[in-house]
Every structure is written in C-alpha cells, then in structure tokens.
Amino acid sequence: MGVKELCALVTGGNKGIGLETCRKLAATGITVILTARNEINGTEAVEKLKLSGLSDVVFHQLDISDQASISAVAKFVETNFGKLDILVNNAAAPGIVIAKPDELRSFKDGAAFGEVADKYADLLEGILVQDYKLAEDCLRTNYYGVKALIAELLPLLQLSSSARIVNVTSNYGELHFIPNEEVKEELGNVEHLTEEKIDGIVKWFLKDFKDNKLKANGWPITVSAYKISKAAIAAYTRFLAKTYPHMIINCVHPGYVQTDITSKTGPLTPEEGARAPTMVALLPDDGPSGLYFYEMQPSAF
Ligand SMILES: NC(=O)c1ccc[n+]([C@@H]2O[C@H](COP(=O)([O-])OP(=O)(O)OC[C@H]3O[C@@H](n4cnc5c(N)ncnc54)[C@H](OP(=O)(O)O)[C@@H]3O)[C@@H](O)[C@H]2O)c1
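Worth saying up front: this structure is predicted, and the values here are computed from it rather than measured.

**Quick word on the environment of Met 296**
Within the fold, Met 296 resides in the loop between β9 (292-294) and β10 (297-299). Here the alpha-carbon distance between Met 296 and Val 252, two residues 44 residues apart in the chain, equals 8.3 Å. Excluding anything up to four places from it in sequence, Met 296 contacts Arg 275, Ala 276 and Met 279.

Quick look at the structure:
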C-alpha cells in the first residue's frame, strides 16, 4: 500500500499504545487523526508529535461510548478527507480497578498481569476489584463502542481503495479463558458467527454478572468483563472480515505493556507495544484478513 494521501484514525490516541501508534503511522507519511475523549489531553498529544517533527497529525475529540461524539468525528472525516483508509480501534476500558498496584506488581514473583488467571482468583482478591458498573462500562466501550464507531465509519472506509480495520484486542480475549463450552463454541465458530449471536453472549454475560452467576455459568471470574469484551470484539472482527472481503480487518494483541491500563507493569514500552498494531495497520493489499495476531504473529483465537 503506498502511503501517499492515506488517512488513519486512531482512538485513545492521547497516551500509551494509541499515542505511539499515531507516532509510527505519522512517521510513514500517513495523515493521522489522533482522537481522544479528553480535548486537552488529545491536543497536548498532537502538540508533542508536532514538536518531534510530525506535522500531518490532527486532533478530533472522540468518546467511543457516546454516539453523538462518534457521529461528529465521522462528519469531520467526511468533510476534511472524504474517505478513511485505516481505522485503529485502540481505546479500551479495563472493567476493573487495580486497588493495590504494588501487590499486583509483586504478584507471582513479578509476573503481575501475566499470571492473572482464574486459578489465582483467591490470591487476587482485593488486588483487582470489579463490580457491575465497571463491567457495564467495559462492554459499552470495548464492544458496543467499537462496533458503533465501525458502523459509522464503514461508508468512508468503503470509499478507500485499501481499507484496513485494526481492533486492538488482548490475549485475555483468547477463548481458552472462557470455561463455558457453549460460549467458547459459539464465539469460535466463524462459519456460523453473526452479530446477533455475539450481542446475545454479551447480554447473557452482563445479566449473569448482575445476578452474581459468573462462576456458576462458566464465565471468567478474574478481569471478567475485559476478557469477555475482548473475546467478543475478536469474534466480531472475524464476522466483519467475512462480511467485507474487500477490506483487511484483523485484531491484535500488542503484548504486555507498561501503560496506565496495567498500572505500568509489563516488560514492553508503549513504543514496543505499538509495533504490532502498526504492522497490522500497514499490511499489504494482498495481506490476510480475519486473523488474530499475537504481537507480530498470527495466532489461534
Ligand atoms: N497494556 C497492555 O499490556 C495491553 C495488553 C493487551 C491489550 N491492550 C490493549 O491496548 C489498547 C491500549 O491500551 P493501553 O495499554 O495503551 O492503555 P492506556 O494507556 O490506559 O490507554 C487507554 C486509552 O483508551 C482511552 N479510552 C478509554 N475509554 C475511552 C472512551 N470511552 N472513548 C475514547 N477513549 C477511551 C483512554 O483515554 P483516557 O486517557 O481519557 O482515559 C486512553 O487513551 C487497549 O485496547 C488495551 O485493551 C493493552
């Protein structure tokens, strides 16, 4: 794909992996629309990139959980660029509060989030805290928000001759984290996946969360909403790729990165964390679609 006159939009571009993805895309000569829900933080991030010599970066406010904000950014893209070539859905909500970051950092000999599995649920009690409100916010952002933004921008992506959608998911969205076999089978069966099926699973999860039935019905019991949100958006990625075969649509785990979402635990810097999402955004025109990349390599959902 030649980068001349290409235009990319990145969500959650004010910090972390999103900011570094903007930097990398802009460094290739692509015009980047850096979006952030907080106007001041987003404008400051654009200024930072401009000071480092990257001039083709513009800011627009975008809260992906707010339909009016989504419509406004789509209007902005249409008016100023007439099409969109690359959409990087990077923004996400954690669905948890890290109540004791120092204990998380020293958890399992420093493995921190790398070891947050249900078998350690008792040990993690009080270190990671989740409740229904956080779970709802997580699904509203990471699943419904990403879907709503894609829906609004699809007509502009369809005007591009090399459209790419990159959904930044997580290894926590891998299906082996879900004990419920029925859910695992439905989300993993790409032939029979539909948007309604994925929506139904997300609704079922939230109802069980509210009714205190996570364990009883085989949902993940640690970092529950985040895991389900990322599994759901990974499944949605496959469904979209099947529906729009002329676009390149993939999801990617960026690695375990020192950002706010992990309380700055993890071995990778944000710059290193941006490498895989950027690589997936810049796949060639004959590149693969409907895949999950674990960092730089295609991997099993
Ligand atoms: N760090 C890791 O180890 C890791 C591992 C796997 C996957 N990921 C994924 O990588 C992506 C980037 O995360 P990160 O590590 O860079 O974390 P981060 O530094 O905490 O960044 C999260 C970004 O999402 C934004 N955001 C949250 N809710 C939003 C909303 N409703 N509308 C718009 N923006 C919103 C945040 O904005 P504010 O600044 O306004 O809060 C922030 O810009 C996420 O999808 C995350 O799930 C990260």
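That was the structure; now back to the text.
**Focus: the site of the ligand**
Of all residues adjacent to the ligand, which total 28 residues, the nearest are Asn 14, Asn 90, Tyr 226, Val 257 and Thr 259. One of the backbone nitrogen or oxygen atoms of Ile 64 is found 3.0 Å away from a nitrogen atom of the ligand. Backbone polar atom of Val 257 to an oxygen atom of the ligand: 2.7 Å apart, as the coordinates give it. Placement of the ligand is best described as lying within the largest pocket. For the shell around the ligand, the elements supplying multiple residues, two or more each, are α1 (16-27) and α9 (224-243). Along the lines of polarity and charge, the residues of the shell around the ligand split into eleven nonpolar, twelve polar and five charged.

**Comments concerning the pairing of strand β2 (residues 31-36)**
Here β2 lies mainly inside the structure; six of its six residues are buried. Alternating positions in β2 separate into two faces, Thr 31, Ile 33 and Thr 35 on one and Val 32, Leu 34 and Ala 36 on the other, with burial throughout. Following the backbone out of strand β1 (residues 7-10), through α1 and into the adjacent parallel β2, one traces a crossover that is right-handed. The pairing of β2 with strand β3 (residues 57-61) spans five bridges and is parallel. Note that in β3 the partner of Val 32 across the bridge is Val 57.

**Overview of the packing of aromatic side chains**
What the rule picks out here adds up to eleven aromatic pairs. With 5.0 Å between their ring centres and 65 degrees between their planes, Tyr 143 and Tyr 144 make a pair best called edge-to-face. The buried category is assigned to Tyr 143, whose relative accessible area is 0%. Given a relative accessible area of 28%, Tyr 144 falls into the partly exposed group. Here Tyr 172 and Phe 177 contribute two aromatic rings whose centre-to-centre distance is 5.4 Å and whose plane-to-plane angle is 65 degrees, an arrangement assigned as edge-to-face.

**Observations regarding unusual backbone geometry**
Despite not being glycine, Val 223 has its phi angle at roughly 50 degrees, a positive value. One can find Val 223 in the loop between α8 (195-210) and α9. The phi dihedral of Glu 295 is positive, around 50 degrees, even though this residue is not glycine. Structurally, Glu 295 can be placed in the loop between β9 and β10. Glu 295 gets classed as partly exposed once you look at its relative accessible area, which sits at 29%.

**Quick look at the nonpolar core**
Among the nonpolar cores identified, the biggest contains 69 residues, and Leu 9, Leu 84, Leu 87, Leu 128, Leu 153, Leu 187 and Phe 205 are the most heavily contacted of them. Where this core is concerned, the elements lending two or more residues are β1, α3 (67-81), α6 (132-157), α7 (181-188), α8, α9 and β8 (248-253). For Leu 9, the residues in contact, after removing those within four places along its chain, are Ile 33, Thr 35, Leu 62, Val 73, Val 77, Leu 84, Ile 86, Leu 87, Val 88 and Leu 153. Leu 25, Val 32, Ala 36 and Val 88 belong to the second-largest nonpolar core, a separate cluster that totals 28 residues.

Thresholds, definitions, all that
- Residues numbered from 1 in each chain as written.
- Predicted model: local features only at pLDDT ≥ 70, side-chain atom pairs only at ≥ 80, totals over all residues.
- Heavy atoms only, no water.
- Helix = DSSP H or I, 4+ residues; strand = E, 2+ residues; numbered from the N terminus.
- Contact = heavy atoms within 4.5 Å.
- Near = heavy atom within 4 Å.
- Polar contact = N/O pair within 3.5 Å; in protein donor to acceptor, adjacent residues only side chain to side chain.
- 1 Å grid on protein atoms, 1.4 Å probe; cavity = no way out; pocket = protein on both sides within 12 Å on 5 of 7 lines; lining within 4 Å.
- Sits in = over half its atoms within 2 Å of the grid points.
- Nonpolar A, V, L, I, M, F, W, Y, C, P; charged D, E, K, R; others polar.
- Buried < 20%, exposed > 50% of the residue type's maximum accessible area, 1.4 Å probe, protein only.
- Right-handed = clockwise from strand over helix to strand, strands pointing away.
- Pairing = 2+ DSSP bridges.
- Phe/Tyr/Trp six-rings, centres within 6.5 Å; stacked < 30°, edge-to-face > 60°.
- Core = buried A, V, L, I, M, F, W, Y, C linked by side-chain atoms within 4.5 Å.

None of the figures reported here should be taken as evidence of function without further support.
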